[in-house]
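In case you want the letters, here they are:
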Amino acid sequence: MPWCEGCSRFLNPNTLNADGTCPECGRKVAEPEEVSAAIESGPTKAPWHFKLLVAVTVIYVGFRIIQMISWVIT
C-alpha cells in the first residue's frame, strides 16, 4: 500500500494516478509499474476463514430465529 507523506494516508493503487502520483497533492508515491500491476491483477478473493465466519454466523442467526419463533408460538 503506497503511503503519501503530504496527505499522511495510505492510498489504494487504484486511486493513484497512472504515473504513480497522489491524486490530492501530486507527490510521487509509487512506481507506475506497481500501479499498473495492481490494477491488472484485479480484485482479491476473500480468505477462507472469512467465508467460514460468515457461514457460522448465518447458521447461528438462523438457529436464533427458529428459537424465537418457537418461543412466540408456545
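Residues numbered from 1 in each chain as written. Predicted model: local features only at pLDDT ≥ 70, side-chain atom pairs only at ≥ 80, totals over all residues. Heavy atoms only, no water.

**Some details on the nonpolar core**
Cys4, Leu11, Leu16, Cys22, Val29 and Ala30 together form the largest nonpolar core, which totals six residues. Filtering out sequence-adjacent residues up to four positions away, Cys22 remains in contact with Cys4, Cys7, Leu11, Leu16, Asn17, Arg27 and Val29. (Core = buried A, V, L, I, M, F, W, Y, C linked by side-chain atoms within 4.5 Å. Buried < 20%, exposed > 50% of the residue type's maximum accessible area, 1.4 Å probe, protein only. Contact = heavy atoms within 4.5 Å.)

**A word on a nonpolar patch on the surface**
A contiguous nonpolar surface patch, about 900 Å² in accessible area, is contributed by Tyr60, Val61, Ile65, Met68, Ile69, Trp71, Val72 and Ile73. Its place among the elements puts Ile73 in helix 2 (residues 48–73). Here Ile73 falls in the exposed class, since its relative accessible area comes to 67%. (Patch = residues over 30% accessible without salt bridge, like charges linked within 9 Å, V, L, I, M, F, W, Y side chains within 5 Å. Areas by Shrake-Rupley, 256 points an atom, 1.4 Å probe, with all protein chains shown as cover. Salt bridge = Lys/Arg side-chain N within 4 Å of Asp/Glu carboxyl O. Helix = DSSP H or I, 4+ residues; strand = E, 2+ residues; numbered from the N terminus.)

**Examining the pattern of salt bridges**
What the rule picks out here adds up to one salt bridge. In this structure, the salt-bridge partner of Glu24 is Arg9, at a minimum N-O distance of 4.0 Å. Here Glu24, found in the loop between strand 2 (9–10) and helix 1 (32–41), pairs with Arg9, found in strand 2; they are 15 residues apart in sequence, far enough to count as distant. For Arg9, a relative accessible area of 34% translates into the label partly exposed.

Without other data, these values stay purely geometric and don't point to any function.
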